[in-house]
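Structure at a glance
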Amino acid sequence: MKKNSKSLLLIIIFLLFFLLGGLFYFLYRFPVGDGWDFRNNLWSPAYLLIHGQNPYDIKRLFPDSNAIWLPPVIGIFSFLGLFTFDTARTLWLLINMIAFFTACFLMIHPIHSPNEFIWLIFLALFPSTIINFTMGQFSIMSVFLMLLLARLHHHLPLWAKGVIIALLFAKPQLIIFSLPVFLYHLTLEKGFKTTLIQTAWIIAGVTASSLPLFFEGHHWASQLFANLRENSQWLQPNISSLFVQRFGFPPLFSVFLIMIGLGFSLYYSSRHNLYDSISVSLAITPLLSPYIWSWDFVLLFPFL
């Protein structure tokens, strides 16, 4: 990298850090929203798990609430249950902002123009970004982890990539296209045997990160399935929800959309590098994945 490019990159990193630091201070001093998603899907399960109770039975803490994030994220972030909700919420906000900061660096590197900082300001203040911060959502973390795989896949060992993907399974609907794209490129570069080994590491990562829940017992699994069945089926901002819930299309229409998205992602991947392929597969996810909300539109950022 040229000296001018390095200086420009350092300036933009400093400005972005300053921007996010100011945003963190504002949200910490003047909390916006109630951190509802973080409270229900991560802190409450972690708190119950730490205290030896069923992590998905959060109705004993908040009667009208539900927990549906999958076990890996609860196991990995179970330490948050050691803190009060307000402290844990602040920690999660900090973790999310670090993830956003790093994701921005992965998106703009190598830097070409100082105008890219203006674009990053737009991304930081985009409504979906703010909602992620205030509600304590997981979508920014998904973008960060997928970009980490895209940029560093040649440098990370298979076990590390297995751990990253295991964490991504907190919300599998967000990686429904990007994970197959990653495995497709891995197969092209390293062969089918390496992909099988990588898959084994993914399974091992999911199992290991879920172990803390098994120490509680086996009732959490049935409670999770009950929560998923009870989860309110609101009209969502995606094609599947629009056609199935508003126009009465059969639920199998969602499968049809998934197959279109998967086919397009793999077709695009056969002609482009891993980073571009993951960026495009993330971008079509808000349209074609069957369970998407407005805060998930941050998945568009790498493509933009």
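Here, the structure is the one placed above.
Now for a look at the structure at hand. (Residues numbered from 1 in each chain as written. Predicted model: local features only at pLDDT ≥ 70, side-chain atom pairs only at ≥ 80, totals over all residues. Heavy atoms only, no water.)

Description of helix H11 (residues 219-230)
With 12 residues, H11 should cover 16 Å at 1.5 Å per step; its first-to-last C-alpha distance of 17 Å lies within 8% of that length. Residues of H11 that are buried: Trp220, Leu224, Ala226 and Asn227. Angularly, the buried residues of H11 cover 165° about the axis, an arc narrow enough to put them on a single face. Those residues of H11 hidden inside the fold are in contact with helix H3 (71-76) and helix H10 (192-216). (Helix = DSSP H or I, 4+ residues; strand = E, 2+ residues; numbered from the N terminus. Expected span 1.5 Å × (residues − 1). Buried < 20%, exposed > 50% of the residue type's maximum accessible area, 1.4 Å probe, protein only. Arc of directions from axis to C-beta. Contact = heavy atoms within 4.5 Å.)

A word on a nonpolar patch on the surface
The grouping of Ile50, Phe79, Leu82 and Phe83 at the surface amounts to a nonpolar patch, some 350 Å² of accessible area in total. When you line up the elements, Leu82 lands in the loop between H3 and helix H4 (85-108). (Patch = residues over 30% accessible without salt bridge, like charges linked within 9 Å, V, L, I, M, F, W, Y side chains within 5 Å. Areas by Shrake-Rupley, 256 points an atom, 1.4 Å probe, with all protein chains shown as cover. Salt bridge = Lys/Arg side-chain N within 4 Å of Asp/Glu carboxyl O.)

Concerning empty space enclosed by the protein
The full count for this structure, using the stated rule, is two cavities of 30 Å³ or more. Its boundaries defined by the atoms lining it, the largest cavity holds a volume of some 40 Å³. Taken together, Phe100, Ala103, Met107, Ile140, Val143, Val298 and Phe301 make up the full set of residues lining the largest cavity. Going through the elements one at a time, H4 and helix H7 (139-152) are the ones with two or more residues in the lining of the largest cavity. In terms of residues, the lining of the largest cavity owes the most to one element, H4, which gives three residues. By residue class, the composition of the lining of the largest cavity is seven nonpolar, no polar and no charged. Computed from the structure, the second largest cavity encloses a volume of approximately 30 Å³. Taken together, Gly35, Phe38, Arg89, Trp92, Leu93, Phe133, Thr134, Met135 and Gly136 form the lining of the second largest cavity. Those elements giving two or more residues to the lining of the second largest cavity turn out to be H4 and helix H6 (127-135). Classifying every residue of the lining of the second largest cavity gives five nonpolar, three polar and one charged. (1 Å grid on protein atoms, 1.4 Å probe; cavity = no way out; pocket = protein on both sides within 12 Å on 5 of 7 lines; lining within 4 Å. Points joined across faces, edges and corners; volume = space filled by probe spheres on them. Nonpolar A, V, L, I, M, F, W, Y, C, P; charged D, E, K, R; others polar.)

Focus: the nonpolar core
Residues Phe38, Leu42, Val73, Trp92, Phe100, Phe138 and Phe144 are the most contacted members of the largest nonpolar core, which totals 65 residues. Here this core gets 12 residues from one element, more than from any other, and that element is H4. Not counting residues up to four positions away in its chain, the partners in contact with Phe138 are Trp69, Val73, Trp92, Asn132, Leu167, Ala170 and Lys171. Core analysis: the next-biggest nonpolar cluster, separate from the first, contains five residues, Phe177, Phe253, Ile284 and Leu288 among them. (Core = buried A, V, L, I, M, F, W, Y, C linked by side-chain atoms within 4.5 Å.)

Describing the packing of aromatic side chains
Across all of its chains, the model carries 20 aromatic pairs by this definition. When the ring of Trp43 is compared with that of Phe85, the centres are 5.6 Å apart and the planes differ by 70°; the resulting orientation is edge-to-face. Pair noted here: Trp43 is in helix H2 (residues 36-50) and Phe85 is in helix H4, with a separation of 42 residues, a long-range link. Note on Phe85: relative accessible area 17%, which makes it buried. An angle of 70° between the planes, with centres 5.6 Å apart, marks the rings of Phe243 and Phe247 as edge-to-face. Residue classification places Phe243 among the partly exposed positions, given a relative accessible area of 27%. In textbook terms, an aromatic cluster arises when at least three aromatic residues are bridged by ring pairs, as seen for Phe38, Trp43, Tyr47, Phe77, Phe79, Phe85 and Trp92. Over the face of the ring belonging to Phe62 we find Arg39, whose NZ or CZ atom lies 3.9 Å from the ring centre. Above the face of the Tyr275 ring, Arg151 is positioned so that its terminal group lies 3.7 Å from the ring centre. (Phe/Tyr/Trp six-rings, centres within 6.5 Å; stacked < 30°, edge-to-face > 60°. Lys NZ or Arg CZ within 6 Å of the ring centre and 35° of its normal.)

Some remarks on the packing of helix H8 (residues 158-168) against H10
Packing of H8 against H10 brings their axes to within 7 Å, and their N-to-C directions diverge by 50°. Between H8 and H10, the interaxial angle falls into the category oblique. Read as a crossing pair, H8 and H10 show a hand that is right-handed. Contacts from Leu158, Trp159, Lys161, Gly162, Ile165 and Ala166 in H8 reach Thr194, Ile197, Gln198, Trp201, Ile202, Gly205, Val206 and Ser209 in H10. (Axes fitted to C-alpha atoms, helices over the stretch in contact; angles between N-to-C directions. Parallel < 35°, antiparallel > 145°, perpendicular 65-115°, else oblique. Left-handed = near helix turned anticlockwise from the far one by under 90°.)

Observations regarding the side chain of Lys171
Looking at where Lys171 falls in the secondary structure, it is placed in the loop between H8 and helix H9 (178-190). The side chain of Lys171 is buried and forms no salt bridge, while Asp296, the nearest opposite charge, is found at 4.0 Å. Contacts of Lys171, omitting those with residues within four sequence positions, involve Trp69, Gln137, Phe138, Trp295 and Asp296. (Lys, Arg positive; Asp, Glu negative; His and termini not counted.)

Topic: the environment of Leu252
On the secondary structure map, Leu252 appears in helix H13 (residues 252-269). Note on Leu252: relative accessible area 65%, which makes it exposed. Expressed as a C-alpha distance, the spacing of Leu252 and Ser240, which sit 12 residues apart in the sequence, is 9.7 Å.

By themselves, these figures tell us nothing about what the structure is for.
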